[in-house]
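The chain contents come next:
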Amino acid sequence: MESVRLGVRRHWLFGLALAGAIAVRVLVMLAFRPIMWFGGDSASYLATGLRLVPDPSRVGGYGFFLWLLRPLHSFAVVAAVQHVMGLAIGLVSYLLARRYGLPGWVATLAAVPVFFDAYELQLESDAVPDVPFGFMIFVALYLLLRSPAERRPSCTVPAAFLVGATAIVWRSGWRCSRCCSSRW
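If you're wondering where the values come from, they're calculated on a predicted model, not measured in any experiment. (Residues numbered from 1 in each chain as written. Predicted model: local features only at pLDDT ≥ 70, side-chain atom pairs only at ≥ 80, totals over all residues. Heavy atoms only, no water.)

*Asks:* How do you make sense of the pattern of salt bridges when you look at a structure like this?
*Replies:* Pairing between side chains of opposite charge can happen when their charged atoms approach one another. Scanning the entire structure with this criterion turns up 1 salt bridge. Among the salt bridges present, the one from glutamate 124 reaches arginine 25, with a minimum N-O distance of 2.8 Å. Here the residue glutamate 124 occupies a position in helix α7 (residues 118-125), and arginine 25 occupies one in helix α2 (residues 12-31), the gap between them amounting to 99 residues. (Salt bridge = Lys/Arg side-chain N within 4 Å of Asp/Glu carboxyl O. Helix = DSSP H or I, 4+ residues; strand = E, 2+ residues; numbered from the N terminus.)

Listed below in structure tokens is the structure:
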């Protein structure tokens with residue numbers, strides 16, 4: 001119990017920002033129920049998620065993500081999962097900043113754009129692959145940067161897998177995985 005109290009005292013500013021970010025996301029979910037559609041893109045991803053047959057004009061990874069959530073029969077769940085991914089991106093930003101010795105207030109500032117940017121909140125509410133793509137990239141970066149002096153296979157292999165998997169989630173990931181694979 002004492003360790004929890006110490007953790008709350010040490011990270012109080014980040015906790016306050018996180019609580020605000022959660023509150024904003026609840027309001028966004030209430031305002032844009034169940035999810036926002038982005039032109040023909042969202043319909044294409046949904047068709048892939050329903051049939052598991054990729055659209056020739058789009059990569060199918062986000063459709064597979066939708067297919068995994070299909071048994072829950074709710075677009076609100078898709079939005080909620082994407083909002084949680086957005087919160088996790090902010091958390092990873094904070095953790096990396098703290099890992100590199102930055103004070104708590106500076107590390108909190110690193111998370112604030114992800115927590116409160118209107119465009120980020122909209123993307124989390126859209127049926128598009130932007131947020132799962134960003135989440136995978138941030139988790140890969142965390143795995144690689146949390147212990148920069150050590151490049152253990154237990155960190156680099158999952159990071160390389162995540163960066164490679166971004167290529168099937170969103171077309172931009174193809175460029176990212178091609179660039180990164182030449183450096184590993």
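*Asks:* Explanation requested: the layout of surface pockets in the structure shown.
*Replies:* Once rolled over the atoms, a probe with the size of a water molecule shows which space is left empty. Empty space within the largest pocket amounts to approximately 190 Å³. Taken together, 15 residues form the lining of the largest pocket, with Asp41, Tyr45, Pro129, Asp130 and Trp170 sitting closest to its centre. Mapped onto the lining of the largest pocket, the elements with two or more residues apiece are α3 (39-51) and α7. With 3 residues, α7 is the single largest residue contributor to the lining of the largest pocket. Within the lining of the largest pocket, the residues separate by chemical class into 8 nonpolar, 2 polar and 5 charged. (1 Å grid on protein atoms, 1.4 Å probe; cavity = no way out; pocket = protein on both sides within 12 Å on 5 of 7 lines; lining within 4 Å. Points joined across faces, edges and corners; volume = space filled by probe spheres on them. Nonpolar A, V, L, I, M, F, W, Y, C, P; charged D, E, K, R; others polar.)

*Asks:* How do you make sense of the side chain of threonine 108 when you look at a structure like this?
*Replies:* Note that threonine 108 resides in helix α6 (residues 104-116). Note on threonine 108: relative accessible area 6%, which makes it buried. The residues contacting threonine 108, other than those within four sequence positions of it, are Leu13, Phe14, Ala17 and Tyr94. (Buried < 20%, exposed > 50% of the residue type's maximum accessible area, 1.4 Å probe, protein only. Contact = heavy atoms within 4.5 Å.)

*Asks:* Explain helix α8 (residues 130-145) here, please?
*Replies:* Note on helix geometry: an α-helix contains 3.6 residues per turn, so any two residues three or four positions apart are oriented the same way. Between its first and last C-alpha atoms α8 spans 22 Å; for 16 residues at 1.5 Å apiece the expected length is 22 Å, and the two agree. Here α8 has its buried residues at Asp130, Val131, Pro132, Phe133, Gly134, Met136, Ile137, Ala140, Leu143 and Leu144. (Expected span 1.5 Å × (residues − 1).)

*Asks:* Is there a simple way to think about the packing of aromatic side chains in this case?
*Replies:* The geometry of two aromatic rings is summed up by the distance between their centres and the angle between their planes. For the structure shown, the criterion picks out 7 aromatic pairs. Each ring, one from tryptophan 37 and one from phenylalanine 75, has its centre 5.3 Å from the other, and the planes form 80°; the classification is edge-to-face. Here tryptophan 37 is found in the loop between α2 and α3, whereas its partner phenylalanine 75 is found in helix α5 (residues 75-99), with 38 residues between them in sequence. Judged by centre distance (5.3 Å) and plane angle (80°), the rings of tyrosine 45 and tyrosine 62 are edge-to-face. Note that tyrosine 45 is positioned in helix α3 and tyrosine 62 in helix α4 (residues 61-69), a separation of 17 residues in sequence. Note on accessibility: tyrosine 45 and tyrosine 62 belong to one class, buried. Taken together, the ring pairs in this structure connect Phe14, Tyr94, Phe115 and Phe116 into an aromatic cluster. (Phe/Tyr/Trp six-rings, centres within 6.5 Å; stacked < 30°, edge-to-face > 60°.)

*Asks:* Can you walk me through the nonpolar core in this structure?
*Replies:* Note that soluble globular proteins tend to have their nonpolar side chains buried in a common cluster. Core analysis: the largest hydrophobic core is formed by 13 residues, its most contacted members being Ile35, Tyr62, Phe65, Leu66 and Val78. Contributing elements (two or more residues each) for this core: α4 and α5. Per-element tally for this core: the top contributor is α4, with 4 residues. Leave out the neighbours within four places in its chain, and tyrosine 62 touches Tyr45, Val78, Gln82, Asp126, Ala127, Val128, Pro129, Pro132, Ile168 and Val169. Core analysis: the next-biggest nonpolar cluster, separate from the first, contains 11 residues, Phe133, Leu143, Leu162 and Val163 among them. (Core = buried A, V, L, I, M, F, W, Y, C linked by side-chain atoms within 4.5 Å.)

*Asks:* Would you mind showing me how to read α6 here?
*Replies:* Along its 13 residues, α6 runs 18 Å from first to last C-alpha, staying within 8% of the 18 Å computed at 1.5 Å per residue. Taking the largest bend as the criterion, α6 deviates by roughly 30°, centred on alanine 110, and proline proline 113 comes between one and four positions later. For α6, the set of buried residues is Gly104, Ala107, Thr108, Ala111, Val114 and Phe115. The elements touched by buried residues of α6 are α2, α5 and α7. (Bend = angle between axes of the 7 residues up to and from the residue.)

*Asks:* Explain the packing of α8 against helix α9 (residues 153-169) to me, please; I cannot follow it from the model alone.
*Replies:* It is the contact of α8 with α9, at a shortest axis distance of 8 Å, that shows an interaxial angle of 160°. As the angle between them shows, α8 and α9 are arranged roughly antiparallel. Handedness of the α8/α9 crossing: left-handed. For the pair formed by α8 and α9, the contact residues are Pro132, Phe133, Met136, Ile137, Val139, Ala140, Leu143 and Leu144 on the first element and Cys155, Thr156, Pro158, Ala159, Leu162, Val163, Ala165, Thr166 and Val169 on the second. In terms of residue class, the contact of α8 with α9 is made up of 15 nonpolar, 2 polar and no charged. (Axes fitted to C-alpha atoms, helices over the stretch in contact; angles between N-to-C directions. Parallel < 35°, antiparallel > 145°, perpendicular 65-115°, else oblique. Left-handed = near helix turned anticlockwise from the far one by under 90°.)

That is the geometry; function is a separate question.
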